[in-house]
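One letter stands for each residue in the lines below.
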Amino acid sequence: VAEFLFKRKEGHCTDFASAFVVMARCVGIPARLVAGFGPGTLNKVSGEREIRSTDLHTWAEAYIPGTGWVPF
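The following paragraphs examine the structure supplied in this document. Note that the coordinates shown come from a computational prediction; the quantities given were computed from them, not determined experimentally.

Some words on a nonpolar patch on the surface
On the surface, F37, I51 and L56 cluster together to form a nonpolar patch covering roughly 320 Å² of accessible area. By the secondary structure assignment, L56 is in strand β4 (residues 56–64).

If you want it as structure tokens, here you go:
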């Protein structure tokens, strides 16, 4: 995480989300890393959603008392 934050300063969603989780935890905010898929694209012929590996995404969530887990 330090290399990403202070040297590279660019990366993928996993890099940004991981950095957020580490920093939040350092100041006492419960945080977690979450991975999942976006909604994909609608196939106009079949009417169904098509989800591909490029729809994979990683984000961070922080726990806010009284609210619960909030995505960032």
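Quick look at helix α2 (residues 13–26)
When the terminal C-alpha atoms of α2 are compared, their 20 Å separation across 14 residues agrees well with the 20 Å that a helix rising 1.5 Å per residue should span. Residues of α2 that are buried: A17, A19, V21 and A24. Among the residues trailing α2, G28 stands out with phi positive, at a value near 85 degrees.

Some thoughts on the nonpolar core
What tends to happen in soluble globular proteins is that the nonpolar side chains get buried as a cluster. In terms of nonpolar packing, the biggest core is built from five residues, these being A17, V21, A24, A31 and A60. Per element, the largest residue contribution to this core is three residues, and it comes from α2. Leave out the neighbours within four places in its chain, and A31 touches V21, A24, R25, E61, A62 and W69.

Quick word on unusual backbone geometry
Backbone geometry places K9, a non-glycine residue, at a positive phi of 60 degrees. For K9, the position within the fold is in the loop between α1 (2–8) and α2. Given the relative accessible area of 60%, K9 is considered exposed.

Procedures and definitions
- Residues numbered from 1 in each chain as written.
- Predicted model: local features only at pLDDT ≥ 70, side-chain atom pairs only at ≥ 80, totals over all residues.
- Heavy atoms only, no water.
- Patch = residues over 30% accessible without salt bridge, like charges linked within 9 Å, V, L, I, M, F, W, Y side chains within 5 Å.
- Areas by Shrake-Rupley, 256 points an atom, 1.4 Å probe, with all protein chains shown as cover.
- Salt bridge = Lys/Arg side-chain N within 4 Å of Asp/Glu carboxyl O.
- Helix = DSSP H or I, 4+ residues; strand = E, 2+ residues; numbered from the N terminus.
- Expected span 1.5 Å × (residues − 1).
- Buried < 20%, exposed > 50% of the residue type's maximum accessible area, 1.4 Å probe, protein only.
- Core = buried A, V, L, I, M, F, W, Y, C linked by side-chain atoms within 4.5 Å.
- Contact = heavy atoms within 4.5 Å.

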